[in-house]
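Architecture and fold: a report
What follows is each chain in one-letter form.
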Amino acid sequence: MYELIKNPNVDWLGLKRPFIMLSIALLLAGMISVVVQGFNLGIDFSGGVLATVKFRERRPSEDQIRQALSKHGIDVGKVIIQPISDPITGNENQVLIRLPQRQGATNVGYRPSAGDVLAASLQQAQPPQATTPSAQPQSGTNRPQSGETASPASGAQPQAPTDSSGQAGTPPVAVSPAPASPATSAAPEPVERIGEEKRAILAALASFNDPADAASKTDLNTVGRETLRNKLIESDPLGLNASGQSAAAAEYTKYADLIIDYRDKQSGGLINQIADLKNISGFSSALADALPKQFFAGNVALTGYEEVGPQISAELQQRAIYVTLASFVGILLYMAFRFEWIYGVAAVVAVCHDLLVTLGVFSILQEEISLNVVAALLTLAGYSVNDTIVIFDRIRENLKLRRKDSLPQLVNDSINQTLSRTILVSGLTFLAVLALLIWGGPVLRGLALALTIGIVVGSYSTLAIASPIMVWWQQRKELRASGHQEVASARRDVKRKMVAS
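Residues numbered from 1 in each chain as written. Predicted model: local features only at pLDDT ≥ 70, side-chain atom pairs only at ≥ 80, totals over all residues. Heavy atoms only, no water.

1. Points about the environment of isoleucine 453
For isoleucine 453, the position within the fold is in helix α16 (residues 445-500). Residues within four places of isoleucine 453 in sequence aside, it is in contact with Thr358, Val361 and Phe362. (Helix = DSSP H or I, 4+ residues; strand = E, 2+ residues; numbered from the N terminus. Contact = heavy atoms within 4.5 Å.)

2. A short note on helix α8 (residues 225-235)
Burial of α8 is extensive: nine of the eleven residues sit out of reach of the surface. Inspection of α8 places Arg225, Glu226, Thr227, Leu228, Arg229, Asn230, Lys231, Leu232 and Ile233 among the buried residues, and these make up the whole buried set. Just downstream of α8 lies aspartate 236, where phi reads positive at about 45°. (Buried < 20%, exposed > 50% of the residue type's maximum accessible area, 1.4 Å probe, protein only.)

3. Things to note about the environment of tyrosine 262
Relative to the elements of secondary structure, tyrosine 262 occurs in helix α9 (residues 245-266). According to the relative accessible area criterion, tyrosine 262 is buried, its value standing at 12%. Residues tyrosine 262 and aspartate 276 lie 14 residues apart in sequence; the distance between their C-alpha atoms is 9.6 Å. In this structure, tyrosine 262 is in contact with Ser267, Ile271, Asp276, Leu277 and Ile280, ignoring residues within four places of it in sequence.

4. Focus on the nonpolar core
Within the largest apolar cluster, 53 residues are counted, with the highest numbers of intra-cluster contacts made by Ile331, Met335, Tyr343, Phe392, Val411 and Met470. Contributing elements (two or more residues each) for this core: α11 (310-338), α12 (341-365), α13 (371-401), α14 (407-417), α15 (419-439) and α16. A per-element tally of this core places α16 first, with 15 residues. With residues up to four places along the chain from it excluded, the contact list for phenylalanine 392 reads Met335, Phe339, Tyr343, Ala346, Ala466, Ser467 and Met470. If you look at the next biggest cluster of nonpolar residues, it comprises 23 residues, including Ile259, Ile280, Leu287 and Ala288. (Core = buried A, V, L, I, M, F, W, Y, C linked by side-chain atoms within 4.5 Å.)

5. Quick word on the sheet that holds strand β2 (residues 48-55)
Taken together, four strands build an open sheet; the order of strands is β3-β4-β2-β7 and the sheet is antiparallel. With partners counted over all chains shown, the strands left at the sheet margins are β3 (80-84) and β7 (300-308), one partner each. Averaged over neighbouring strand pairs, the angle between their axes works out to 15° when direction is ignored. With eight bridges joining them, β2 and β7 adopt antiparallel strand pairing. Bridged to lysine 54 within β7 is alanine 301. Strand contacts of helix α3 (residues 62-70): β2, β3 and β4 (94-100), with the helix running at about 135° to β3, the strand carrying the most contacts. (Pairing = 2+ DSSP bridges. Axes fitted to C-alpha atoms, helices over the stretch in contact; angles between N-to-C directions.)

6. Here we look at the pattern of salt bridges
A full pass over the atoms with the stated rule returns 15 salt bridges. Salt-bridge contacts for lysine 278 lead to aspartate 289; the nearest nitrogen and oxygen are separated by 2.9 Å. With lysine 278 in the loop between α9 and α10 (285-290) and aspartate 289 in helix α10, this pair connects stretches of sequence that are eleven residues apart. In this structure, aspartate 393 and arginine 396 form a salt bridge, with 2.8 Å as the shortest nitrogen-oxygen distance. Linking aspartate 393 with arginine 396, this pair stays in helix α13, spanning three residues, or about one helical turn. (Salt bridge = Lys/Arg side-chain N within 4 Å of Asp/Glu carboxyl O.)

7. Quick look at a nonpolar patch on the surface
A cluster of nonpolar side chains, Ile20, Met21, Ile24, Leu28, Met31, Ile32, Val35 and Val36, forms an exposed patch at the surface whose accessible area comes to about 830 Å². Looking at the secondary structure, you find valine 35 in helix α1 (residues 16-37). (Patch = residues over 30% accessible without salt bridge, like charges linked within 9 Å, V, L, I, M, F, W, Y side chains within 5 Å. Areas by Shrake-Rupley, 256 points an atom, 1.4 Å probe, with all protein chains shown as cover.)

8. Description of the confidence of the model for the chain
Scored by pLDDT, the chain has a mean of 75; 74% of the residues are at 70 or more. Every residue in residues 104-194 is under pLDDT 50, and counting partners more than four places away or in other chains gives 193 contacts. (pLDDT = per-residue confidence, 0-100.)

This is the structure we're talking about:
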(Lines give C-alpha, C1' and ligand atoms only; values in the text may rest on other atoms or scores of the structure.)
Protein backbone atom coordinates (compact mmCIF):
# COMPACT_ATOMS: atom_id res chain seq x y z
CA MET A 1 0.00 0.00 0.00
CA TYR A 2 1.21 3.51 -0.77
CA GLU A 3 2.48 5.24 2.36
CA LEU A 4 1.40 8.85 2.49
CA ILE A 5 3.49 9.43 5.63
CA LYS A 6 6.79 7.57 5.86
CA ASN A 7 7.40 5.90 9.24
CA PRO A 8 5.15 8.07 11.44
CA ASN A 9 5.99 8.03 15.13
CA VAL A 10 3.16 9.83 16.95
CA ASP A 11 2.47 9.11 20.61
CA TRP A 12 -1.33 8.96 20.26
CA LEU A 13 -1.94 7.64 23.77
CA GLY A 14 0.20 10.44 25.15
CA LEU A 15 -2.33 12.88 23.64
CA LYS A 16 -5.32 11.18 25.22
CA ARG A 17 -5.95 13.94 27.77
CA PRO A 18 -6.19 16.76 25.16
CA PHE A 19 -8.34 14.49 23.01
CA ILE A 20 -10.67 13.75 25.91
CA MET A 21 -10.97 17.45 26.74
CA LEU A 22 -11.79 18.24 23.09
CA SER A 23 -14.46 15.53 22.98
CA ILE A 24 -16.01 16.76 26.23
CA ALA A 25 -16.09 20.32 24.87
CA LEU A 26 -17.81 19.19 21.65
CA LEU A 27 -20.36 17.10 23.53
CA LEU A 28 -21.12 19.89 26.02
CA ALA A 29 -21.58 22.44 23.24
CA GLY A 30 -24.01 20.14 21.49
CA MET A 31 -25.86 19.36 24.73
CA ILE A 32 -26.26 23.04 25.58
CA SER A 33 -27.58 23.74 22.07
CA VAL A 34 -30.08 20.88 22.35
CA VAL A 35 -31.33 22.20 25.71
CA VAL A 36 -31.54 25.83 24.53
CA GLN A 37 -32.88 25.52 20.98
CA GLY A 38 -33.49 21.80 20.42
CA PHE A 39 -33.41 20.05 17.05
CA ASN A 40 -34.84 21.31 13.79
CA LEU A 41 -36.89 18.21 13.00
CA GLY A 42 -38.10 17.74 9.43
CA ILE A 43 -41.66 16.86 8.56
CA ASP A 44 -40.68 13.17 8.72
CA PHE A 45 -40.41 13.51 12.52
CA SER A 46 -42.44 16.61 13.40
CA GLY A 47 -45.32 16.33 10.92
CA GLY A 48 -46.57 19.04 8.61
CA VAL A 49 -46.46 20.09 4.98
CA LEU A 50 -43.44 20.70 2.76
CA ALA A 51 -44.12 22.30 -0.63
CA THR A 52 -41.60 23.09 -3.36
CA VAL A 53 -42.61 26.08 -5.47
CA LYS A 54 -40.99 27.18 -8.73
CA PHE A 55 -41.42 30.60 -10.33
CA ARG A 56 -40.82 31.41 -13.98
CA GLU A 57 -38.74 34.48 -13.22
CA ARG A 58 -36.86 35.43 -10.06
CA ARG A 59 -38.85 34.43 -6.98
CA PRO A 60 -40.88 37.10 -5.14
CA SER A 61 -39.77 38.34 -1.75
CA GLU A 62 -40.57 36.33 1.36
CA ASP A 63 -43.04 39.01 2.50
CA GLN A 64 -44.95 38.78 -0.78
CA ILE A 65 -45.24 35.01 -0.45
CA ARG A 66 -46.39 35.31 3.17
CA GLN A 67 -49.03 37.86 2.23
CA ALA A 68 -50.37 35.57 -0.50
CA LEU A 69 -50.52 32.64 1.92
CA SER A 70 -52.22 34.66 4.67
CA LYS A 71 -55.05 35.66 2.32
CA HIS A 72 -56.03 32.00 2.02
CA GLY A 73 -56.26 31.05 5.69
CA ILE A 74 -52.67 29.94 6.37
CA ASP A 75 -51.08 31.03 9.67
CA VAL A 76 -47.93 32.65 8.27
CA GLY A 77 -46.48 33.09 11.76
CA LYS A 78 -45.62 29.37 11.75
CA VAL A 79 -44.61 29.14 8.10
CA ILE A 80 -40.95 28.64 7.18
CA ILE A 81 -39.92 29.86 3.72
CA GLN A 82 -36.50 28.73 2.49
CA PRO A 83 -35.13 30.11 -0.80
CA ILE A 84 -33.46 27.63 -3.14
CA SER A 85 -30.72 28.55 -5.60
CA ASP A 86 -29.74 26.20 -8.38
CA PRO A 87 -26.08 25.29 -7.63
CA ILE A 88 -25.32 24.84 -11.35
CA THR A 89 -27.23 27.61 -13.13
CA GLY A 90 -27.46 29.98 -10.18
CA ASN A 91 -31.18 30.61 -10.81
CA GLU A 92 -33.02 31.89 -7.75
CA ASN A 93 -36.55 31.00 -8.71
CA GLN A 94 -37.56 28.31 -6.21
CA VAL A 95 -38.61 28.21 -2.56
CA LEU A 96 -39.45 25.57 0.03
CA ILE A 97 -42.57 26.34 2.05
CA ARG A 98 -42.92 24.41 5.29
CA LEU A 99 -46.13 24.44 7.31
CA PRO A 100 -45.93 22.82 10.77
CA GLN A 101 -48.44 20.23 11.91
CA ARG A 102 -51.74 21.86 12.88
CA GLN A 103 -53.08 21.45 16.39
CA GLY A 104 -55.65 18.69 16.70
CA ALA A 105 -54.73 17.10 13.39
CA THR A 106 -55.10 13.35 13.11
CA ASN A 107 -53.02 10.87 11.24
CA VAL A 108 -52.74 12.13 7.69
CA GLY A 109 -49.40 10.65 6.84
CA TYR A 110 -50.57 8.18 4.25
CA ARG A 111 -51.10 8.58 0.54
CA PRO A 112 -54.81 8.28 -0.33
CA SER A 113 -55.98 6.41 -3.36
CA ALA A 114 -57.41 8.23 -6.35
CA GLY A 115 -60.93 7.15 -5.39
CA ASP A 116 -60.55 8.52 -1.86
CA VAL A 117 -59.23 11.83 -3.13
CA LEU A 118 -62.07 12.12 -5.63
CA ALA A 119 -64.73 11.29 -3.03
CA ALA A 120 -63.28 13.72 -0.50
CA SER A 121 -63.09 16.56 -2.99
CA LEU A 122 -66.69 15.98 -4.09
CA GLN A 123 -67.78 16.18 -0.47
CA GLN A 124 -65.90 19.42 0.12
CA ALA A 125 -67.04 21.49 -2.83
CA GLN A 126 -69.87 20.61 -5.19
CA PRO A 127 -70.72 23.24 -7.85
CA PRO A 128 -74.39 24.12 -7.96
CA GLN A 129 -74.63 23.80 -11.73
CA ALA A 130 -74.14 20.58 -13.66
CA THR A 131 -71.17 20.21 -15.97
CA THR A 132 -71.66 19.89 -19.68
CA PRO A 133 -71.91 16.36 -21.06
CA SER A 134 -68.75 16.78 -23.08
CA ALA A 135 -66.76 17.43 -19.91
CA GLN A 136 -67.98 14.30 -18.14
CA PRO A 137 -65.58 11.36 -18.02
CA GLN A 138 -66.50 8.65 -20.47
CA SER A 139 -65.88 4.95 -20.32
CA GLY A 140 -62.70 3.36 -21.57
CA THR A 141 -60.01 5.94 -22.10
CA ASN A 142 -61.83 8.62 -20.10
CA ARG A 143 -61.84 6.87 -16.74
CA PRO A 144 -60.38 8.97 -13.91
CA GLN A 145 -56.83 7.87 -13.35
CA SER A 146 -55.77 9.82 -10.29
CA GLY A 147 -56.93 12.77 -8.22
CA GLU A 148 -57.46 15.84 -10.39
CA THR A 149 -58.43 19.41 -9.76
CA ALA A 150 -60.42 21.26 -12.31
CA SER A 151 -59.37 24.66 -13.51
CA PRO A 152 -61.54 27.57 -12.36
CA ALA A 153 -62.54 28.14 -15.94
CA SER A 154 -63.04 24.56 -16.95
CA GLY A 155 -66.56 24.16 -15.65
CA ALA A 156 -65.74 20.78 -14.17
CA GLN A 157 -66.18 20.11 -10.50
CA PRO A 158 -63.17 20.80 -8.24
CA GLN A 159 -61.24 17.79 -7.11
CA ALA A 160 -58.32 17.13 -4.80
CA PRO A 161 -55.20 18.60 -6.37
CA THR A 162 -53.05 15.59 -7.10
CA ASP A 163 -52.40 13.45 -10.14
CA SER A 164 -50.16 10.63 -11.22
CA SER A 165 -47.34 12.96 -12.12
CA GLY A 166 -47.27 14.49 -8.66
CA GLN A 167 -48.36 17.85 -10.09
CA ALA A 168 -51.30 19.64 -8.65
CA GLY A 169 -54.39 20.96 -10.30
CA THR A 170 -55.43 24.59 -10.16
CA PRO A 171 -57.29 25.80 -7.07
CA PRO A 172 -61.07 25.55 -7.31
CA VAL A 173 -63.31 28.57 -7.44
CA ALA A 174 -65.39 29.47 -4.42
CA VAL A 175 -68.77 27.78 -4.69
CA SER A 176 -71.69 27.16 -2.42
CA PRO A 177 -71.34 23.71 -0.91
CA ALA A 178 -74.12 21.32 -1.76
CA PRO A 179 -75.26 18.58 0.60
CA ALA A 180 -72.97 15.60 0.32
CA SER A 181 -74.44 12.43 -1.09
CA PRO A 182 -74.30 9.23 0.95
CA ALA A 183 -71.53 7.95 -1.28
CA THR A 184 -69.30 10.93 -0.61
CA SER A 185 -70.16 11.48 3.06
CA ALA A 186 -68.22 8.36 3.98
CA ALA A 187 -64.96 9.80 2.64
CA PRO A 188 -62.20 9.67 5.28
CA GLU A 189 -61.53 12.93 7.08
CA PRO A 190 -57.71 12.81 6.66
CA VAL A 191 -58.10 12.99 2.88
CA GLU A 192 -60.15 16.16 3.25
CA ARG A 193 -57.44 17.75 5.36
CA ILE A 194 -54.80 16.99 2.75
CA GLY A 195 -56.94 18.62 0.10
CA GLU A 196 -57.53 21.73 2.21
CA GLU A 197 -53.83 22.37 2.78
CA LYS A 198 -52.90 21.86 -0.83
CA ARG A 199 -55.76 23.89 -2.26
CA ALA A 200 -54.90 26.81 0.05
CA ILE A 201 -51.29 26.81 -1.17
CA LEU A 202 -52.36 26.58 -4.81
CA ALA A 203 -54.85 29.39 -4.42
CA ALA A 204 -52.15 31.57 -2.85
CA LEU A 205 -49.73 30.83 -5.68
CA ALA A 206 -52.39 31.65 -8.28
CA SER A 207 -52.30 35.27 -7.11
CA PHE A 208 -48.90 35.65 -8.80
CA ASN A 209 -50.49 35.08 -12.23
CA ASP A 210 -52.10 37.64 -14.50
CA PRO A 211 -55.64 38.14 -13.10
CA ALA A 212 -57.12 38.41 -16.61
CA ASP A 213 -55.69 35.05 -17.64
CA ALA A 214 -56.50 33.35 -14.33
CA ALA A 215 -60.14 34.47 -14.51
CA SER A 216 -60.91 33.09 -17.96
CA LYS A 217 -58.27 30.51 -18.86
CA THR A 218 -56.76 27.27 -17.56
CA ASP A 219 -53.19 27.30 -16.25
CA LEU A 220 -51.06 24.64 -17.95
CA ASN A 221 -48.53 24.79 -15.11
CA THR A 222 -50.97 23.71 -12.41
CA VAL A 223 -53.65 21.73 -14.24
CA GLY A 224 -53.69 17.97 -13.74
CA ARG A 225 -53.54 15.37 -16.46
CA GLU A 226 -57.20 14.32 -16.30
CA THR A 227 -58.51 17.87 -16.04
CA LEU A 228 -56.42 18.96 -19.03
CA ARG A 229 -57.74 16.12 -21.12
CA ASN A 230 -61.37 16.89 -20.21
CA LYS A 231 -60.84 20.57 -20.93
CA LEU A 232 -59.38 19.81 -24.35
CA ILE A 233 -62.33 17.56 -25.14
CA GLU A 234 -64.76 20.22 -23.97
CA SER A 235 -63.21 23.16 -25.84
CA ASP A 236 -62.28 21.04 -28.89
CA PRO A 237 -59.71 23.50 -30.32
CA LEU A 238 -59.02 21.25 -33.35
CA GLY A 239 -62.70 20.55 -34.15
CA LEU A 240 -62.31 16.78 -33.73
CA ASN A 241 -65.70 16.19 -32.11
CA ALA A 242 -67.35 16.31 -35.50
CA SER A 243 -65.57 13.09 -36.47
CA GLY A 244 -66.73 11.25 -33.34
CA GLN A 245 -66.40 11.80 -29.63
CA SER A 246 -64.38 8.64 -28.99
CA ALA A 247 -61.81 9.53 -31.65
CA ALA A 248 -61.57 13.08 -30.29
CA ALA A 249 -61.14 11.75 -26.74
CA ALA A 250 -58.28 9.46 -27.82
CA GLU A 251 -56.55 12.27 -29.71
CA TYR A 252 -56.86 14.82 -26.93
CA THR A 253 -55.74 12.23 -24.35
CA LYS A 254 -52.54 11.80 -26.34
CA TYR A 255 -51.93 15.56 -26.46
CA ALA A 256 -52.70 15.97 -22.76
CA ASP A 257 -50.13 13.28 -21.93
CA LEU A 258 -47.54 14.97 -24.14
CA ILE A 259 -48.09 18.35 -22.45
CA ILE A 260 -47.92 16.98 -18.90
CA ASP A 261 -44.86 14.82 -19.64
CA TYR A 262 -43.10 17.77 -21.25
CA ARG A 263 -43.91 20.00 -18.29
CA ASP A 264 -42.84 17.56 -15.57
CA LYS A 265 -39.94 15.73 -17.22
CA GLN A 266 -38.37 18.18 -19.68
CA SER A 267 -39.33 21.64 -18.49
CA GLY A 268 -38.65 21.18 -14.78
CA GLY A 269 -42.32 21.40 -13.74
CA LEU A 270 -43.03 24.77 -15.37
CA ILE A 271 -43.79 25.62 -19.01
CA ASN A 272 -42.33 29.01 -19.93
CA GLN A 273 -44.65 29.72 -22.86
CA ILE A 274 -47.19 27.78 -24.86
CA ALA A 275 -45.14 28.20 -28.02
CA ASP A 276 -42.56 25.85 -26.48
CA LEU A 277 -44.99 22.98 -26.97
CA LYS A 278 -44.20 23.03 -30.70
CA ASN A 279 -40.82 21.52 -29.82
CA ILE A 280 -42.53 18.34 -28.58
CA SER A 281 -42.15 15.44 -30.99
CA GLY A 282 -45.54 14.48 -32.41
CA PHE A 283 -47.34 17.55 -31.09
CA SER A 284 -49.76 19.41 -33.36
CA SER A 285 -48.64 22.92 -34.35
CA ALA A 286 -52.27 23.81 -34.97
CA LEU A 287 -53.13 22.84 -31.40
CA ALA A 288 -50.22 24.89 -30.03
CA ASP A 289 -51.56 27.92 -31.95
CA ALA A 290 -55.12 27.34 -30.70
CA LEU A 291 -54.29 26.71 -27.03
CA PRO A 292 -53.79 30.40 -26.01
CA LYS A 293 -57.52 31.01 -26.47
CA GLN A 294 -58.40 28.72 -23.55
CA PHE A 295 -55.07 28.13 -21.76
CA PHE A 296 -52.08 30.08 -20.45
CA ALA A 297 -48.68 29.26 -18.96
CA GLY A 298 -48.72 30.57 -15.40
CA ASN A 299 -45.81 32.21 -13.60
CA VAL A 300 -45.62 29.68 -10.78
CA ALA A 301 -46.00 25.93 -10.24
CA LEU A 302 -46.09 23.55 -7.29
CA THR A 303 -43.36 21.06 -8.21
CA GLY A 304 -43.26 19.08 -4.96
CA TYR A 305 -45.63 18.36 -2.07
CA GLU A 306 -45.29 16.19 1.04
CA GLU A 307 -47.51 15.87 4.07
CA VAL A 308 -46.93 13.78 7.21
CA GLY A 309 -49.30 13.50 10.18
CA PRO A 310 -48.44 13.36 13.89
CA GLN A 311 -48.95 9.62 14.35
CA ILE A 312 -46.74 8.77 11.40
CA SER A 313 -44.03 11.22 12.54
CA ALA A 314 -44.06 9.74 16.08
CA GLU A 315 -43.76 6.25 14.64
CA LEU A 316 -40.84 7.32 12.45
CA GLN A 317 -39.07 8.79 15.49
CA GLN A 318 -39.46 5.52 17.41
CA ARG A 319 -38.24 3.44 14.48
CA ALA A 320 -35.21 5.68 13.99
CA ILE A 321 -34.24 5.21 17.65
CA TYR A 322 -34.82 1.44 17.51
CA VAL A 323 -32.76 1.06 14.34
CA THR A 324 -29.87 3.03 15.85
CA LEU A 325 -29.90 0.98 19.06
CA ALA A 326 -30.08 -2.24 17.06
CA SER A 327 -27.00 -1.17 15.10
CA PHE A 328 -25.14 -0.61 18.39
CA VAL A 329 -26.07 -4.07 19.64
CA GLY A 330 -24.98 -5.62 16.34
CA ILE A 331 -21.63 -3.82 16.47
CA LEU A 332 -21.04 -4.92 20.07
CA LEU A 333 -21.83 -8.57 19.31
CA TYR A 334 -19.67 -8.65 16.19
CA MET A 335 -16.68 -7.05 17.89
CA ALA A 336 -17.02 -9.35 20.91
CA PHE A 337 -17.02 -12.37 18.59
CA ARG A 338 -14.24 -11.05 16.35
CA PHE A 339 -11.95 -9.84 19.16
CA GLU A 340 -12.97 -9.48 22.83
CA TRP A 341 -16.00 -7.86 24.39
CA ILE A 342 -13.96 -4.83 25.55
CA TYR A 343 -13.10 -4.15 21.91
CA GLY A 344 -16.81 -4.07 21.14
CA VAL A 345 -17.51 -1.71 24.04
CA ALA A 346 -14.73 0.62 22.88
CA ALA A 347 -16.10 0.61 19.31
CA VAL A 348 -19.67 1.32 20.49
CA VAL A 349 -18.48 4.18 22.72
CA ALA A 350 -16.60 5.67 19.75
CA VAL A 351 -19.68 5.35 17.51
CA CYS A 352 -21.91 6.97 20.16
CA HIS A 353 -19.36 9.78 20.40
CA ASP A 354 -19.51 10.30 16.62
CA LEU A 355 -23.30 10.35 16.45
CA LEU A 356 -23.69 12.67 19.46
CA VAL A 357 -21.15 15.15 18.11
CA THR A 358 -22.82 15.12 14.68
CA LEU A 359 -26.27 15.66 16.19
CA GLY A 360 -24.86 18.43 18.35
CA VAL A 361 -23.52 20.24 15.28
CA PHE A 362 -26.92 19.85 13.60
CA SER A 363 -28.55 21.44 16.65
CA ILE A 364 -26.03 24.30 16.72
CA LEU A 365 -26.50 25.03 13.00
CA GLN A 366 -30.26 24.29 13.20
CA GLU A 367 -30.01 22.06 10.16
CA GLU A 368 -33.08 19.97 9.45
CA ILE A 369 -33.03 16.35 10.64
CA SER A 370 -34.89 14.05 8.28
CA LEU A 371 -34.88 10.38 7.37
CA ASN A 372 -31.97 11.09 5.03
CA VAL A 373 -29.95 12.29 8.02
CA VAL A 374 -30.84 9.13 9.97
CA ALA A 375 -29.63 7.06 7.02
CA ALA A 376 -26.39 9.07 7.01
CA LEU A 377 -25.90 8.51 10.76
CA LEU A 378 -26.30 4.75 10.36
CA THR A 379 -23.83 4.86 7.48
CA LEU A 380 -21.40 6.72 9.73
CA ALA A 381 -21.77 4.06 12.41
CA GLY A 382 -20.62 1.40 9.98
CA TYR A 383 -17.89 3.62 8.54
CA SER A 384 -16.45 4.43 11.97
CA VAL A 385 -16.48 0.78 13.03
CA ASN A 386 -14.70 -0.18 9.81
CA ASP A 387 -11.76 2.10 10.65
CA THR A 388 -11.73 0.85 14.24
CA ILE A 389 -11.65 -2.80 13.13
CA VAL A 390 -8.63 -2.13 10.90
CA ILE A 391 -6.64 -0.72 13.84
CA PHE A 392 -7.82 -3.39 16.28
CA ASP A 393 -6.86 -6.11 13.83
CA ARG A 394 -3.36 -4.66 13.53
CA ILE A 395 -3.12 -4.51 17.34
CA ARG A 396 -4.03 -8.19 17.57
CA GLU A 397 -1.38 -9.11 15.00
CA ASN A 398 1.29 -7.13 16.86
CA LEU A 399 0.31 -8.75 20.16
CA LYS A 400 1.18 -12.13 18.67
CA LEU A 401 4.47 -10.96 17.14
CA ARG A 402 5.75 -8.69 19.92
CA ARG A 403 4.78 -10.28 23.20
CA LYS A 404 7.47 -8.51 25.22
CA ASP A 405 6.46 -4.97 24.23
CA SER A 406 4.08 -2.95 26.37
CA LEU A 407 0.47 -2.56 25.28
CA PRO A 408 0.60 1.28 24.90
CA GLN A 409 3.63 0.97 22.62
CA LEU A 410 1.91 -1.72 20.54
CA VAL A 411 -1.22 0.43 20.17
CA ASN A 412 0.79 3.50 19.13
CA ASP A 413 2.71 1.48 16.56
CA SER A 414 -0.49 -0.11 15.22
CA ILE A 415 -2.17 3.28 14.75
CA ASN A 416 0.94 4.68 13.04
CA GLN A 417 1.20 1.66 10.76
CA THR A 418 -2.39 2.14 9.55
CA LEU A 419 -2.26 5.95 9.51
CA SER A 420 -1.62 6.25 5.76
CA ARG A 421 -4.53 3.93 5.03
CA THR A 422 -6.83 5.94 7.34
CA ILE A 423 -5.88 9.26 5.74
CA LEU A 424 -6.23 8.00 2.17
CA VAL A 425 -9.59 6.27 2.65
CA SER A 426 -11.12 8.97 4.86
CA GLY A 427 -9.70 11.77 2.73
CA LEU A 428 -11.10 10.46 -0.55
CA THR A 429 -14.49 9.77 1.03
CA PHE A 430 -14.47 13.24 2.57
CA LEU A 431 -13.82 14.86 -0.82
CA ALA A 432 -16.73 12.93 -2.33
CA VAL A 433 -19.26 13.92 0.33
CA LEU A 434 -17.92 17.50 0.36
CA ALA A 435 -18.69 17.76 -3.35
CA LEU A 436 -22.14 16.36 -2.62
CA LEU A 437 -22.60 19.01 0.08
CA ILE A 438 -21.57 21.87 -2.22
CA TRP A 439 -23.31 20.84 -5.43
CA GLY A 440 -25.91 18.30 -4.31
CA GLY A 441 -28.69 20.83 -3.70
CA PRO A 442 -31.06 21.27 -0.76
CA VAL A 443 -32.61 17.81 -0.98
CA LEU A 444 -29.29 16.09 -0.22
CA ARG A 445 -27.87 18.79 2.04
CA GLY A 446 -28.77 17.06 5.33
CA LEU A 447 -27.36 13.71 4.25
CA ALA A 448 -24.17 15.28 2.83
CA LEU A 449 -23.61 17.49 5.89
CA ALA A 450 -24.01 14.54 8.29
CA LEU A 451 -21.55 12.47 6.26
CA THR A 452 -19.07 15.35 6.04
CA ILE A 453 -19.09 15.95 9.79
CA GLY A 454 -19.20 12.26 10.63
CA ILE A 455 -16.23 11.26 8.50
CA VAL A 456 -14.01 13.82 10.22
CA VAL A 457 -15.28 12.98 13.70
CA GLY A 458 -15.27 9.24 12.99
CA SER A 459 -11.63 9.24 11.91
CA TYR A 460 -10.75 11.27 14.99
CA SER A 461 -12.63 8.97 17.38
CA THR A 462 -10.96 5.88 15.93
CA LEU A 463 -7.58 7.32 16.92
CA ALA A 464 -8.50 9.21 20.07
CA ILE A 465 -11.45 7.39 21.66
CA ALA A 466 -11.64 3.67 20.81
CA SER A 467 -8.00 2.69 21.30
CA PRO A 468 -7.45 4.58 24.61
CA ILE A 469 -10.59 2.97 26.08
CA MET A 470 -9.33 -0.48 25.19
CA VAL A 471 -5.87 0.24 26.62
CA TRP A 472 -7.33 1.69 29.81
CA TRP A 473 -9.42 -1.43 30.42
CA GLN A 474 -6.59 -3.83 29.70
CA GLN A 475 -4.26 -1.96 32.06
CA ARG A 476 -6.96 -1.92 34.73
CA LYS A 477 -7.41 -5.64 34.23
CA GLU A 478 -3.68 -6.25 34.59
CA LEU A 479 -3.52 -4.15 37.76
CA ARG A 480 -6.36 -6.11 39.29
CA ALA A 481 -4.65 -9.38 38.34
CA SER A 482 -1.34 -8.24 39.81
CA GLY A 483 -3.13 -7.08 42.97
CA HIS A 484 -4.72 -10.51 43.38
CA GLN A 485 -1.31 -12.14 42.94
CA GLU A 486 0.22 -9.90 45.61
CA VAL A 487 -2.58 -10.74 48.04
CA ALA A 488 -2.19 -14.46 47.34
CA SER A 489 1.59 -14.25 47.83
CA ALA A 490 1.13 -12.37 51.13
CA ARG A 491 -1.29 -15.02 52.34
CA ARG A 492 1.20 -17.77 51.48
CA ASP A 493 3.92 -15.95 53.40
CA VAL A 494 1.67 -15.64 56.45
CA LYS A 495 0.88 -19.36 56.33
CA ARG A 496 4.56 -20.27 56.08
CA LYS A 497 5.41 -18.09 59.09
CA MET A 498 2.57 -19.61 61.10
CA VAL A 499 3.74 -23.13 60.27
CA ALA A 500 7.36 -22.28 61.13
CA SER A 501 6.36 -20.82 64.49
